[in-house]
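Chain by chain, the residues:
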Amino acid sequence: IADCDVSVDVVIDFSHPSCLISILEYCRANKVPAVIATTGLTKEQVTLIHAASTVIPVFFSANMSIGVALLSALAQKAALVLGNGFDIEIVEKHHNQKLDVPSGTAILLADAIKSVRQESVYNIGRHENGKRDKNEIGIHSMRGGTIVGEHSVIFAGKDEVIEINHIATSREVFATGAVKAAKFLAGK
């Protein structure tokens, strides 16, 4: 992007974590807002995004789907209402070429839940024998075929289970959300 000689109103990034620094440098140097939707970023890269947001407008999310934003809000509300009486498990499914495990969306959902259940810890993949920790949020990843993206948040309590799901059948939902975010940032 640094070699581009075009006028850009907003940069939308769905690329790869290795491109982040050059994208942020371009946006900062040209005072261009950025919509960052790349997943698999390190904590250091997320810190760079937050630093850039002090200089330029930034919209950063692991998932641009409006449905996932609603799923996140519903999961957060459910965790708040249900309290510690329910075990929480997140199951995510993606195509067999997806690089990051667990998905950025699964982490986004777990973070939303953890914000109202601060004592929670993540158990990614459950690889060891033993009882489930009462305060854990289980995160499970499946990869296969051409699954665009499926996320389920399961609240399992005594004698009842509540499950909230989002299924993306096309990548268009991510593009639509990113364009809405770009329109929101344009001119800011």
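It should be emphasised that the depicted structure is a prediction, and the values quoted were computed from it without experimental measurement.

Asker: Tell me about the side chain of Arg117, and name the residues and values.
Answerer: One can find Arg117 in the loop between α4 (104-114) and β5 (121-124). We classify Arg117 as buried; its relative accessible area is 2%. Not counting residues up to four positions away in its chain, the partners in contact with Arg117 are Ala79, Gly83, Asn84, Phe86, Ile88, Lys134 and Asn135.

Asker: So, a nonpolar patch on the surface: which residues are in play, and what are the values?
Answerer: Residues Ile12, Phe14 and Val179 make up a contiguous nonpolar surface patch of about 240 Å² in total accessible area. Structurally, Ile12 can be placed in strand β1 (residues 11-13).

Asker: So what about the environment of Asp9? Which residues, and what values?
Answerer: By secondary structure assignment, the location of Asp9 is in the segment before β1. A residue is classified by how much of its surface remains accessible, and Asp9, at 62% relative accessible area, is exposed. Once the C-alpha coordinates of Asp9 and Val32 are considered, the two residues, 23 residues apart in sequence, prove to be 6.2 Å apart.

Asker: Describe the pattern of salt bridges, and please don't skip the residues or the numbers.
Answerer: Oppositely charged side chains can form a pair if their charged atoms are brought close together. Scanning the entire structure with this criterion turns up 9 salt bridges. Put simply, Asp87 and Lys134 hold a salt bridge, and the shortest N to O gap is 3.2 Å. Here Lys134 lies in the loop between β5 and β6 (136-143) and Asp87 lies in strand β4 (residues 87-94), a separation of 47 residues in the sequence. Taking relative accessible area as the criterion, Lys134 reaches 40% and is therefore assigned partly exposed. Between Asp100 and Lys98 there is a salt bridge; the shortest N-O distance is 2.9 Å. One continuous salt-bridge network, built from bridges that share partners, spans Asp87, Glu89, Arg126, Arg132, Lys134 and Glu136.

Asker: Mind laying out the side chain of Ser72, listing which residues take part and the relevant values?
Answerer: As for its position among the elements, Ser72 is in helix α3 (residues 66-82). Here Ser72 falls in the buried class, since its relative accessible area comes to 12%. If we ignore the near neighbours within four places in the chain, the residues touching Ser72 are Leu108, Leu109 and Ala112.

Rules behind the numbers
- Residues numbered from 1 in each chain as written.
- Predicted model: local features only at pLDDT ≥ 70, side-chain atom pairs only at ≥ 80, totals over all residues.
- Heavy atoms only, no water.
- Helix = DSSP H or I, 4+ residues; strand = E, 2+ residues; numbered from the N terminus.
- Buried < 20%, exposed > 50% of the residue type's maximum accessible area, 1.4 Å probe, protein only.
- Contact = heavy atoms within 4.5 Å.
- Patch = residues over 30% accessible without salt bridge, like charges linked within 9 Å, V, L, I, M, F, W, Y side chains within 5 Å.
- Areas by Shrake-Rupley, 256 points an atom, 1.4 Å probe, with all protein chains shown as cover.
- Salt bridge = Lys/Arg side-chain N within 4 Å of Asp/Glu carboxyl O.

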